[in-house]
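# Close look at the chain arrangement
Spelled out from the first residue to the last, the chains are:
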Amino acid sequence: MAPERYETLDGSTPDVTPLAAEVGLKQPLSAFTLLEGGDVFESRAGRPPAEGPARARAYVSAKLELKPYGAPAAQVKRVQEELIRQLSGNLQLIARMEAARPLTLELIPPGHTLAKYGYPRAVSPQAAGLFWDHPDWPRARIALRQDRLESEQYLVFHEMAHAIQGLAFTQKESELIYRTMLRTYRSRAAVDEVFAIYSEREFVTGVSAHDLRAPGVYGMARQRWNEEHLFTRFVRNLYFPYKPLAGGTAGMTPSSFG
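These numbers come from a predicted model, not from an experiment.

Analysis parameters
- Residues numbered from 1 in each chain as written.
- Predicted model: local features only at pLDDT ≥ 70, side-chain atom pairs only at ≥ 80, totals over all residues.
- Heavy atoms only, no water.
- Helix = DSSP H or I, 4+ residues; strand = E, 2+ residues; numbered from the N terminus.
- Buried < 20%, exposed > 50% of the residue type's maximum accessible area, 1.4 Å probe, protein only.
- Contact = heavy atoms within 4.5 Å.
- Lys, Arg positive; Asp, Glu negative; His and termini not counted.
- Charge placed at Lys NZ, Arg CZ, Asp CG, Glu CD.
- Phe/Tyr/Trp six-rings, centres within 6.5 Å; stacked < 30°, edge-to-face > 60°.
- Axes fitted to C-alpha atoms, helices over the stretch in contact; angles between N-to-C directions.
- Parallel < 35°, antiparallel > 145°, perpendicular 65-115°, else oblique.
- Left-handed = near helix turned anticlockwise from the far one by under 90°.
- Nonpolar A, V, L, I, M, F, W, Y, C, P; charged D, E, K, R; others polar.
- Polar contact = N/O pair within 3.5 Å; in protein donor to acceptor, adjacent residues only side chain to side chain.
- Pairing = 2+ DSSP bridges.
- Salt bridge = Lys/Arg side-chain N within 4 Å of Asp/Glu carboxyl O.
- Expected span 1.5 Å × (residues − 1).

Here we take up the overall build of the chain. The helix and strand inventory of the chain stands at 11 helices and 4 strands. Based on the C-alpha atoms only, the size of the chain along its principal axes is roughly 50 × 40 × 35 Å. The proportion of buried residues among the 258 residues of the chain is 52%. Contacts in the chain between residues far apart in sequence, at least 24 positions, make up 74% of those at least 6 positions apart. Each charge class in the chain was averaged separately, 31 positive and 29 negative side chains, and the resulting centres sit 2 Å apart.

Turning to the packing of aromatic side chains, a few remarks are in order. Evaluated as defined, the whole model comprises 14 aromatic pairs. For the ring pair Phe32 and Phe169, a centre distance of 5.1 Å and an interplane angle of 90° mean the geometry is edge-to-face. With Phe32 in helix α2 (residues 31-35) and Phe169 in the loop between α6 (155-167) and α7 (171-181), the pair connects residues that are 137 residues apart, well separated along the chain. Under the relative-accessibility criterion, Phe32 is labelled buried at 4%. When the centroid spacing of 6.1 Å and the interplanar angle of 80° are considered together, the rings of Phe240 and Tyr242 count as edge-to-face.

Moving on to the packing of helix α8 (residues 188-200) against helix α10 (residues 216-224). Where α8 contacts α10, the two axes come as close as 10 Å, and the packing angle between them is 45°. On the basis of the axis angle, α8 is oblique to α10. Where α8 crosses over α10, the two elements pack in a sense that is right-handed. When α8 is examined against α10, the residues Ala190, Glu193, Val194, Ile197, Tyr198 and Glu200 are found in contact with a partner set consisting of Val217, Tyr218, Ala221, Arg222 and Arg224. Here the residues of the contact of α8 with α10 sort into 7 nonpolar, no polar and 4 charged.

Let's shift gears to the side chain of Arg96. Relative to the elements of secondary structure, Arg96 occurs in helix α5 (residues 91-99). Under the relative-accessibility criterion, Arg96 is labelled buried at 0%. A polar side-chain atom of Arg96 sits 2.7 Å from a polar atom in the side chain of Glu173. Excluding residues that lie within four positions of it along the chain, Arg96 makes contacts with Leu19, Gly24, Gln27, Pro28, Leu29, Ala168, Phe169, Thr170 and Glu173.

Before going further, it helps to examine the pairing of strand β4 (residues 140-145). Among the 6 residues in β4, 6 count as buried, and that is most of the element. On β4, burial covers both faces: Ala140, Ile142 and Leu144 on one face and Arg141, Ala143 and Arg145 on the other are all buried. Bridge count for strand β2 (residues 103-108) against β4 is 6 bridges, and the pairing is parallel. Bridge pairing links Ile108 to Arg145 in β4. Bridging between strand β3 (residues 129-132) and β4 involves 4 bridges; their strand directions are antiparallel. Bridge pairing in β4 places Phe131 opposite Ile142.

In this section: the side chain of Glu159. As for its placement among the helices and strands, Glu159 is situated in helix α6. An unpaired buried charge is present at Glu159: no salt bridge exists, and Arg222, the closest side chain of opposite charge, is 8.5 Å distant. Those residues within four positions of Glu159 in sequence are excluded, and the remaining contacts are Glu7, Gly129, Leu130, Phe131, Ile142 and Leu144.

In this section: the pattern of salt bridges. On inspection of all chains with the given rule, the structure shows 14 salt bridges. A salt bridge links Glu98 to Arg55; the shortest N-O distance between them is 3.2 Å. On the criterion of sequence distance, the pair formed by Glu98 in helix α5 and Arg55 in helix α3 (residues 52-62) is long-range, its members being 43 residues apart. Residues Arg139 and Glu65 are paired through a salt bridge, measuring 3.5 Å at the closest nitrogen-oxygen approach. Taken together, the residues Arg139 in the loop between β3 and β4 and Glu65 in strand β1 (residues 64-67) connect sequence positions 74 residues apart. The exposure class assigned to Arg139 is partly exposed, which follows from its relative accessible area of 23%.

This brings us to α6. The first and last C-alpha atoms of α6 sit 18 Å apart over 13 residues, in line with the 18 Å expected at 1.5 Å per residue. Along α6, 13 of the 13 residues are buried, which leaves the element largely enclosed by surrounding structure.

See below:
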(Lines give C-alpha, C1' and ligand atoms only; values in the text may rest on other atoms or scores of the structure.)
Protein backbone atom coordinates (compact mmCIF):
# COMPACT_ATOMS: atom_id res chain seq x y z
CA MET A 1 0.00 0.00 0.00
CA ALA A 2 1.27 3.48 -0.83
CA PRO A 3 2.00 5.60 2.25
CA GLU A 4 -0.23 8.44 1.06
CA ARG A 5 -3.26 6.21 1.46
CA TYR A 6 -2.96 6.35 5.23
CA GLU A 7 -3.43 9.19 7.69
CA THR A 8 0.10 10.52 7.15
CA LEU A 9 1.72 11.43 3.87
CA ASP A 10 5.06 9.83 4.70
CA GLY A 11 3.69 6.57 6.13
CA SER A 12 4.79 7.38 9.68
CA THR A 13 2.88 5.83 12.59
CA PRO A 14 2.54 6.76 16.28
CA ASP A 15 5.25 5.65 18.69
CA VAL A 16 2.92 3.91 21.12
CA THR A 17 3.49 2.49 24.60
CA PRO A 18 1.87 -0.97 24.73
CA LEU A 19 0.06 -2.11 27.84
CA ALA A 20 2.31 -3.71 30.44
CA ALA A 21 2.33 -7.49 30.14
CA GLU A 22 1.41 -7.93 33.81
CA VAL A 23 -1.71 -5.82 33.34
CA GLY A 24 -2.68 -7.95 30.37
CA LEU A 25 -2.38 -11.08 32.50
CA LYS A 26 -4.60 -9.57 35.20
CA GLN A 27 -7.21 -8.40 32.66
CA PRO A 28 -7.26 -11.10 29.96
CA LEU A 29 -9.22 -10.48 26.76
CA SER A 30 -10.85 -13.68 25.52
CA ALA A 31 -10.87 -12.34 21.95
CA PHE A 32 -7.16 -13.03 21.58
CA THR A 33 -7.66 -16.76 22.02
CA LEU A 34 -9.43 -16.66 18.66
CA LEU A 35 -6.29 -15.35 16.97
CA GLU A 36 -4.16 -17.89 18.81
CA GLY A 37 -6.21 -20.70 17.29
CA GLY A 38 -8.02 -21.57 20.50
CA ASP A 39 -11.69 -21.70 21.42
CA VAL A 40 -13.98 -19.01 22.77
CA PHE A 41 -17.26 -20.40 24.04
CA GLU A 42 -20.43 -18.43 23.54
CA SER A 43 -22.77 -17.61 26.38
CA ARG A 44 -26.22 -18.26 25.00
CA ALA A 45 -27.80 -16.14 27.73
CA GLY A 46 -25.07 -13.50 27.70
CA ARG A 47 -25.92 -10.01 28.89
CA PRO A 48 -23.97 -6.76 28.88
CA PRO A 49 -22.24 -6.08 32.19
CA ALA A 50 -24.58 -4.08 34.39
CA GLU A 51 -21.80 -1.83 35.63
CA GLY A 52 -20.28 -1.37 32.18
CA PRO A 53 -21.79 2.04 31.30
CA ALA A 54 -20.97 3.49 34.73
CA ARG A 55 -17.38 2.20 34.60
CA ALA A 56 -16.91 3.53 31.06
CA ARG A 57 -18.42 6.87 32.01
CA ALA A 58 -16.09 7.13 35.01
CA TYR A 59 -13.10 6.46 32.73
CA VAL A 60 -14.21 9.12 30.23
CA SER A 61 -14.89 11.64 33.01
CA ALA A 62 -11.83 11.07 35.17
CA LYS A 63 -9.09 9.55 32.99
CA LEU A 64 -9.68 10.91 29.49
CA GLU A 65 -8.91 14.60 29.07
CA LEU A 66 -11.22 16.26 26.53
CA LYS A 67 -10.33 19.60 24.94
CA PRO A 68 -13.36 20.94 23.01
CA TYR A 69 -11.79 24.12 21.59
CA GLY A 70 -15.18 25.78 21.33
CA ALA A 71 -17.09 22.78 19.97
CA PRO A 72 -20.85 22.91 20.57
CA ALA A 73 -21.96 21.30 23.82
CA ALA A 74 -24.11 18.81 21.89
CA GLN A 75 -21.10 17.66 19.89
CA VAL A 76 -18.99 17.24 23.01
CA LYS A 77 -21.75 15.19 24.62
CA ARG A 78 -22.09 13.01 21.53
CA VAL A 79 -18.35 12.27 21.49
CA GLN A 80 -18.40 11.35 25.17
CA GLU A 81 -21.44 9.10 24.75
CA GLU A 82 -19.86 7.29 21.80
CA LEU A 83 -16.67 6.68 23.77
CA ILE A 84 -18.73 5.27 26.63
CA ARG A 85 -20.65 3.05 24.22
CA GLN A 86 -17.43 1.73 22.70
CA LEU A 87 -16.01 0.67 26.05
CA SER A 88 -19.01 -0.32 28.14
CA GLY A 89 -19.46 -3.88 26.85
CA ASN A 90 -16.18 -5.25 28.24
CA LEU A 91 -15.08 -4.59 31.82
CA GLN A 92 -11.60 -5.99 31.15
CA LEU A 93 -11.12 -3.51 28.31
CA ILE A 94 -12.16 -0.64 30.58
CA ALA A 95 -9.73 -1.82 33.25
CA ARG A 96 -6.94 -1.94 30.69
CA MET A 97 -7.66 1.61 29.53
CA GLU A 98 -7.69 2.76 33.16
CA ALA A 99 -4.24 1.24 33.64
CA ALA A 100 -2.87 2.37 30.26
CA ARG A 101 -1.05 5.53 29.27
CA PRO A 102 -3.35 8.56 29.74
CA LEU A 103 -5.22 9.90 26.73
CA THR A 104 -6.29 13.35 25.55
CA LEU A 105 -9.00 13.87 22.93
CA GLU A 106 -9.13 17.18 21.07
CA LEU A 107 -11.93 18.54 18.87
CA ILE A 108 -10.10 20.56 16.23
CA PRO A 109 -11.95 23.69 14.98
CA PRO A 110 -12.83 24.07 11.28
CA GLY A 111 -10.08 25.57 9.15
CA HIS A 112 -7.29 24.65 11.56
CA THR A 113 -4.50 22.22 10.74
CA LEU A 114 -3.65 19.41 13.12
CA ALA A 115 -0.01 20.54 13.00
CA LYS A 116 -1.06 23.78 14.69
CA TYR A 117 -1.95 21.70 17.74
CA GLY A 118 1.35 19.84 17.79
CA TYR A 119 0.51 16.85 15.62
CA PRO A 120 3.01 15.74 12.93
CA ARG A 121 3.29 17.96 9.88
CA ALA A 122 3.04 14.83 7.76
CA VAL A 123 -0.64 14.36 8.64
CA SER A 124 -2.67 14.11 5.45
CA PRO A 125 -4.84 17.17 4.77
CA GLN A 126 -7.68 14.71 4.09
CA ALA A 127 -7.43 13.07 7.53
CA ALA A 128 -10.64 13.61 9.49
CA GLY A 129 -9.02 12.41 12.69
CA LEU A 130 -5.82 11.01 14.09
CA PHE A 131 -4.51 8.98 17.01
CA TRP A 132 -0.90 9.79 17.80
CA ASP A 133 1.68 9.31 20.51
CA HIS A 134 5.32 10.14 21.13
CA PRO A 135 7.61 9.28 24.08
CA ASP A 136 8.17 13.00 24.76
CA TRP A 137 4.44 13.62 25.23
CA PRO A 138 2.89 13.28 28.69
CA ARG A 139 -0.25 11.75 27.17
CA ALA A 140 -1.31 9.97 24.00
CA ARG A 141 -3.65 12.09 21.86
CA ILE A 142 -6.65 11.83 19.55
CA ALA A 143 -7.63 14.66 17.21
CA LEU A 144 -11.10 14.81 15.65
CA ARG A 145 -12.11 17.53 13.20
CA GLN A 146 -15.31 19.18 14.41
CA ASP A 147 -16.57 19.73 10.87
CA ARG A 148 -16.17 16.05 9.94
CA LEU A 149 -17.92 14.49 12.93
CA GLU A 150 -21.39 14.87 11.41
CA SER A 151 -20.56 13.52 7.95
CA GLU A 152 -18.36 10.66 9.19
CA GLN A 153 -20.49 8.90 11.78
CA TYR A 154 -17.79 6.33 12.51
CA LEU A 155 -15.02 8.83 13.25
CA VAL A 156 -15.02 8.60 17.06
CA PHE A 157 -15.11 4.80 17.00
CA HIS A 158 -12.36 4.63 14.37
CA GLU A 159 -9.85 6.81 16.18
CA MET A 160 -10.65 5.36 19.61
CA ALA A 161 -10.01 1.92 18.12
CA HIS A 162 -6.51 3.10 17.18
CA ALA A 163 -6.04 4.26 20.78
CA ILE A 164 -7.25 0.91 22.13
CA GLN A 165 -4.89 -0.98 19.85
CA GLY A 166 -1.96 1.25 20.74
CA LEU A 167 -2.53 1.53 24.49
CA ALA A 168 -4.70 -1.35 25.74
CA PHE A 169 -2.98 -4.30 24.05
CA THR A 170 0.31 -5.80 25.17
CA GLN A 171 3.21 -6.05 22.74
CA LYS A 172 2.58 -9.80 22.38
CA GLU A 173 -1.09 -9.21 21.57
CA SER A 174 -0.30 -6.55 18.98
CA GLU A 175 2.18 -8.87 17.31
CA LEU A 176 -0.50 -11.56 17.18
CA ILE A 177 -2.78 -9.18 15.25
CA TYR A 178 0.00 -8.39 12.78
CA ARG A 179 0.95 -12.05 12.39
CA THR A 180 -2.64 -12.91 11.60
CA MET A 181 -3.40 -10.08 9.19
CA LEU A 182 -0.16 -9.30 7.36
CA ARG A 183 -0.77 -12.21 4.99
CA THR A 184 -3.69 -10.22 3.54
CA TYR A 185 -2.80 -6.58 4.29
CA ARG A 186 0.88 -6.19 3.57
CA SER A 187 1.97 -3.50 6.02
CA ARG A 188 1.48 -2.83 9.71
CA ALA A 189 -0.02 0.57 8.95
CA ALA A 190 -2.65 -1.14 6.79
CA VAL A 191 -3.43 -3.67 9.52
CA ASP A 192 -3.88 -0.81 12.01
CA GLU A 193 -6.49 0.72 9.71
CA VAL A 194 -8.22 -2.62 9.20
CA PHE A 195 -8.61 -3.06 12.96
CA ALA A 196 -10.17 0.40 13.21
CA ILE A 197 -12.45 -0.26 10.23
CA TYR A 198 -13.67 -3.58 11.65
CA SER A 199 -14.25 -1.76 14.93
CA GLU A 200 -16.42 0.82 13.14
CA ARG A 201 -18.78 -1.90 11.95
CA GLU A 202 -19.58 -2.94 15.51
CA PHE A 203 -21.02 0.49 16.28
CA VAL A 204 -22.26 2.04 13.03
CA THR A 205 -24.90 0.36 10.89
CA GLY A 206 -24.17 0.16 7.19
CA VAL A 207 -21.53 1.77 5.02
CA SER A 208 -22.10 4.58 2.56
CA ALA A 209 -21.24 4.25 -1.12
CA HIS A 210 -18.73 7.06 -0.61
CA ASP A 211 -16.92 5.11 2.11
CA LEU A 212 -16.89 1.94 0.02
CA ARG A 213 -15.10 3.91 -2.72
CA ALA A 214 -12.51 5.36 -0.34
CA PRO A 215 -8.93 4.98 -1.63
CA GLY A 216 -6.56 2.25 -0.61
CA VAL A 217 -7.11 0.08 2.42
CA TYR A 218 -10.12 2.12 3.60
CA GLY A 219 -12.41 1.19 0.74
CA MET A 220 -10.88 -2.27 0.33
CA ALA A 221 -11.44 -3.32 3.95
CA ARG A 222 -14.98 -1.92 4.03
CA GLN A 223 -15.84 -3.83 0.85
CA ARG A 224 -14.29 -7.05 2.17
CA TRP A 225 -15.84 -6.93 5.66
CA ASN A 226 -17.97 -9.99 6.33
CA GLU A 227 -19.71 -11.60 9.29
CA GLU A 228 -17.88 -14.84 8.50
CA HIS A 229 -14.36 -13.46 8.95
CA LEU A 230 -12.26 -14.60 11.86
CA PHE A 231 -11.25 -10.98 12.37
CA THR A 232 -14.93 -10.01 12.74
CA ARG A 233 -15.21 -12.63 15.45
CA PHE A 234 -12.14 -11.26 17.16
CA VAL A 235 -13.29 -7.64 17.10
CA ARG A 236 -16.86 -8.43 18.21
CA ASN A 237 -15.65 -10.56 21.08
CA LEU A 238 -13.26 -7.79 22.09
CA TYR A 239 -16.03 -5.22 22.48
CA PHE A 240 -18.93 -7.54 23.32
CA PRO A 241 -17.71 -10.79 24.90
CA TYR A 242 -21.28 -11.55 25.99
CA LYS A 243 -22.64 -11.61 22.41
CA PRO A 244 -22.81 -14.68 20.15
CA LEU A 245 -19.73 -15.02 17.98
CA ALA A 246 -19.92 -13.41 14.55
CA GLY A 247 -20.67 -15.73 11.66
CA GLY A 248 -22.73 -18.25 13.59
CA THR A 249 -21.24 -21.35 15.17
CA ALA A 250 -19.52 -22.91 12.15
CA GLY A 251 -15.79 -23.58 12.49
CA MET A 252 -13.48 -20.98 11.04
CA THR A 253 -9.85 -20.88 10.06
CA PRO A 254 -7.25 -18.10 10.24
CA SER A 255 -7.47 -17.70 6.45
CA SER A 256 -11.11 -16.56 6.63
CA PHE A 257 -10.59 -12.91 5.76
CA GLY A 258 -12.18 -12.60 2.32
